[in-house]
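# Chain and residue survey
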Amino acid sequence: MFRDITIGQYYPGNSILHRLDPRVKLLGVIVYVAMLFITNNIFALAFPAAILIVLIAISKIPVAYILKGMRMLVYLMIAAVFFNVFFTEGDHMIWRWWILKVSHEGILRAVFFAVRLMFVVVGASMLTYTTTPTTLTSGLEKVFSPLKKIRFPAHELAMMMSIALRFIPILAEEMNKIIKAQLARGADFESGGLVRKAKGMVPILIPLFISAFRRASDLATAMEARCYHGGDGRTKMYPLKYETRDKVTYLLILLALLITIAMRVIMDRFITWGRV
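The following paragraphs examine the structure supplied in this document. (Residues numbered from 1 in each chain as written. Predicted model: local features only at pLDDT ≥ 70, side-chain atom pairs only at ≥ 80, totals over all residues. Heavy atoms only, no water.)

### Some points on the overall build of the protein chain
Within the protein chain one finds eleven helices and two strands. Ordering the α and β elements of the protein chain from the N terminus gives α-α-α-α-α-β-β-α-α-α-α-α-α. Scored against the burial criterion, the 276 residues of the protein chain give a buried share of 34%. Excluding contacts between residues fewer than 6 apart, the proportion of contacts in the protein chain whose partners are at least 24 apart in sequence is 72%. For the protein chain, the accessible surface area stands at approximately 17600 Å², while carbon and sulfur atoms represent 68% of it. (Helix = DSSP H or I, 4+ residues; strand = E, 2+ residues; numbered from the N terminus. Buried < 20%, exposed > 50% of the residue type's maximum accessible area, 1.4 Å probe, protein only. Contact = heavy atoms within 4.5 Å. Areas by Shrake-Rupley, 256 points an atom, 1.4 Å probe, with all protein chains shown as cover.)

What follows is the structure in structure tokens.
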């Protein structure tokens, strides 16, 4: 299962989404997540869903590749659905026992939270799917560059975030190798109760942490050997420049945000009139 992690990985391509300036995509992700939290109705998620479908189609990234990375979120989504279904008060009760209760409102709220969580993860993943780590680092540094006036370490923070994203698939692959090695030695991770399964993770986590620290140390040594001293005085081989497509995308992002806000206001008014 760990080898199926695709979050944080770059999917090579030459689509218009791949060629957009990373600063545009960063703003797009922020606005898209804000749009998802502005919407407060399961039916209002149709607009962000349509945007996500269009982005996936434009990027030409296989849907199966995107869904493969969602497998790790299944348990989180199940937990979110469980708590919203059984612990949400509602006017239209379906079933009740002790502190557990099921209502129409709880079911709708559970579906809403699960779908919104999925959209947040997929929407944010589109940034890393279509942006190389080097380009993403440059974009983050440009975004944080105005904060340099107050001695904010823009370059160091951008580099740190880029390295963290790159370590996700590397550590996932390392964990997969450790699991196979432990299985070859007779380890059993499937049988037994929850406590036994938790104890069975110890032979995996300890080598994984050791490997992570070793990789971090090797990376630090390699950067020092190449005389890396932060972003002072460094130049870019490919400086970021806004193209016409980037400016048009900025306008489309603003338009999408305004439409989402307008939909929220209209739906709130309809709900208020319906109660009156």
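From this point, the discussion proceeds with the structure in view.
### Examining helix α8 (residues 154-184)
With 31 residues, α8 should reach 45 Å at 1.5 Å per residue; the first-to-last C-alpha distance of 45 Å fits that figure. By the largest-angle criterion, F167 marks the main kink of α8, which is about 30 degrees, and a proline, P169, follows within four residues. Phi turns positive, to about 95 degrees, at G186, one or two residues after α8. (Expected span 1.5 Å × (residues − 1). Bend = angle between axes of the 7 residues up to and from the residue.)

### A few points about the packing of helix α2 (residues 22-38) against helix α3 (residues 46-59)
The packing of two helices is summarised by the inter-axis angle and the distance between the axes. Two elements in contact, α2 and α3, have axes whose closest approach is 9 Å; the angle formed by their N-to-C orientations is 155 degrees. Relative to α3, the element α2 is oriented roughly antiparallel. Where α2 abuts α3, its residues Y32, M35 and L36 lie against F47, P48, A49, I51 and L52. (Axes fitted to C-alpha atoms, helices over the stretch in contact; angles between N-to-C directions. Parallel < 35°, antiparallel > 145°, perpendicular 65-115°, else oblique.)

### Some details on unusual backbone geometry
Residues other than glycine seldom take positive phi values, yet K60 does so here, at roughly 60 degrees. Take K60: it is sitting in the loop between α3 and α4 (63-68). Given a relative accessible area of 68%, K60 falls into the exposed group.

### Thoughts on the environment of D246
On the secondary structure map, D246 appears in helix α11 (residues 244-275). We classify D246 as buried; its relative accessible area is 1%. Sequence spacing of D246 and V24 is 222 residues, and the spatial spacing of their C-alpha atoms is 6.5 Å. Once you skip the residues sitting within four places of it in the chain, D246 turns out to touch L20, D21, V24 and K241.

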